[in-house]
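# Examination of the molecular architecture
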Amino acid sequence: MAAHHDGTRASGEPELPDGLQTFGAVLKALREAAGLTQEEFAPRVRYSSAYIAKIEQGKRFPPEDLPDRAAEALDPLAGKVLAAAARSLRRRAGLASWFLQWAGIEEEAITLCAYECRGIPGLLQPVEYIQAVFGLQLPPLTETQIERQVAARLERQRLLTEHPNTAFSFIIEQCVLERQVGGPEVTRAVIDHLLDIGRRTNVEVQIMPLRQEDHAGVDGQMYLAESPDNRWFGYTEGHRSSALISASSEVSILLQRYGKLRSQASDCRATVSLLKQMRGAL
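Heads up: these notes are all about the structure in this document. (Residues numbered from 1 in each chain as written. Predicted model: local features only at pLDDT ≥ 70, side-chain atom pairs only at ≥ 80, totals over all residues. Heavy atoms only, no water.)

## Considering the sheet that holds strand β3 (residues 203-208)
Within a sheet, adjacent strands bond to each other through the backbone by hydrogen bonds, running parallel or antiparallel. As a reminder of what qualifies: Here a strand pair is declared whenever DSSP counts at least two bridges between the two strands. Helix and strand definitions here come from DSSP, where helices need a minimum of 4 consecutive H or I residues and strands a minimum of 2 consecutive E residues; each element is numbered from the N-terminal end. In this analysis, axes come from line fits to C-alpha atoms, helices being fitted only over the stretch in contact, and the angle between any two N-to-C directions falls in the range 0 to 180 degrees. Every residue pair with non-hydrogen atoms within 4.5 Å of one another is taken to be in contact.
Spatial ordering of the open sheet is given by β3-β2-β1-β4-β5-β6, a layout of 6 strands whose pairing is mixed. The open sheet has two edge strands with one neighbour each: β3 and β6 (241-245). Averaged over neighbouring strand pairs, the angle between their axes works out to 10° when direction is ignored. Relative to β6, strand β5 (residues 232-238) runs antiparallel, the two sharing 5 bridges. In the sheet register, Y235 faces β6, and the bridge partner there is L244. Most of the contacts of helix α12 (residues 248-264) go to strand β4 (residues 222-226), to which it runs at about 110°, and overall it touches β1 (111-116), β2 (167-173), β3, β4, β5 and β6.

## Brief notes about the pairing of β1
Note the threshold: Burial status follows relative accessibility: with a 1.4 Å probe on protein chains alone, a residue under 20% of its type maximum counts as buried, one over 50% as exposed, and anything between as partly exposed.
Buried residues dominate β1, accounting for 6 of its 6 residues. Side-chain alternation along β1 places T111, C113 and Y115 on one buried face and L112, A114 and E116 on a second face that is also buried. Pairing of β1 with β2, which is carried by 6 bridges, proceeds in the parallel orientation. Its bridge partner being in β2, A114 is matched across the sheet by F170. Examined bridge by bridge, β1 and β4 share 5 bridges and lie antiparallel to one another. Bridged to T111 within β4 is E226.

## Some thoughts on the nonpolar core
Rules: Here, the term nonpolar core denotes a set of buried Ala, Val, Leu, Ile, Met, Phe, Trp, Tyr and Cys residues that are joined through side-chain atoms within 4.5 Å.
Core analysis: the biggest nonpolar cluster contains 36 residues, and W102, L124, F170 and L177 have the highest contact counts within it. Examining the composition of this core, we find that 6 residues originate from one element, helix α11 (residues 184-197), more than from any other. In this structure, Y47, I52, A73 and L89 belong to the second largest nonpolar core, which totals 21 residues.

Below, the structure is given as structure tokens:
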């Protein structure tokens with residue numbers, strides 16, 4: 001994402017809310033009481049073992065259906081305990097929790113779509129751009145804090161290489177590149193990276209032209225993800241705020257808008273041509 005809610009504080013230290021850590025500890029205790037390893041438990045609740053590990057570590061917000069799945073995999077009492085813990089957790093959910101919940105959905109998604117009008121999507125940012133963006137943060141970050149933020153973002157980008165069966169679609173406003181955040185050299189690195197990533201068979205990158213009279217994205221950026229059970233979620237970000245959208249009626253609106261944006265943006269071949277033209281002009 002262009003915004004910087006990667007589950008970290010402004011100090012650059014990892015932000016692990018107490019509620020998330022408590023929920024993770026409860027899940028781990030119930031799993032171990034049943035004599036199951038993470039690798040044995042994960043398929044029973046139909047999530048990856050890596051995702052379960054992050055939930056137990058308090059690094060991911062638990063999905064809504066985890067208590068029900070745990071009741072099937074363990075026993076009804078375990079499901080009730082986790083459901084109660086989840087209700088308490090959601091009452092205390094804040095900014096980091098919203099992002100951690102989205103990050104979990106993102107990791108498990110079979111389809112991931114992003115429309116950005118403010119910056120290069122986080123999953124597509126080369127290291128030069130990441131450093132430039134965090135170097136411009138206010139309040140300013142120290143070099144150590146920037147290094148941590150860069151490392152966190154590069155870790156998230158492993159999604160593109162570790163999930164070859166996930167369909168990724170990105171729509172980026174041309175003005176984001178024209179702005180040249182970080183200068184011409186950084187912009188050149190961004191374009192090279194977009195051209196390289198766009199060669200992957202499961203990644204589609206489209207540029208939205210500067211002029212588009214019937215633009216469907218006037219309400220701002222949006223992210224959409226389809227879960228393994230074919231449920232769709234939306235996510236939006238603002239200054240120091242974010243929102244996870246799970247109501248099907250609201251997500252449907254975002255899906256309609258994203259579909260229109262895909263038809264309005266330059267197709268993949270035209271995008272490659274435009275990117276090469278922009279690179280040559282730098």
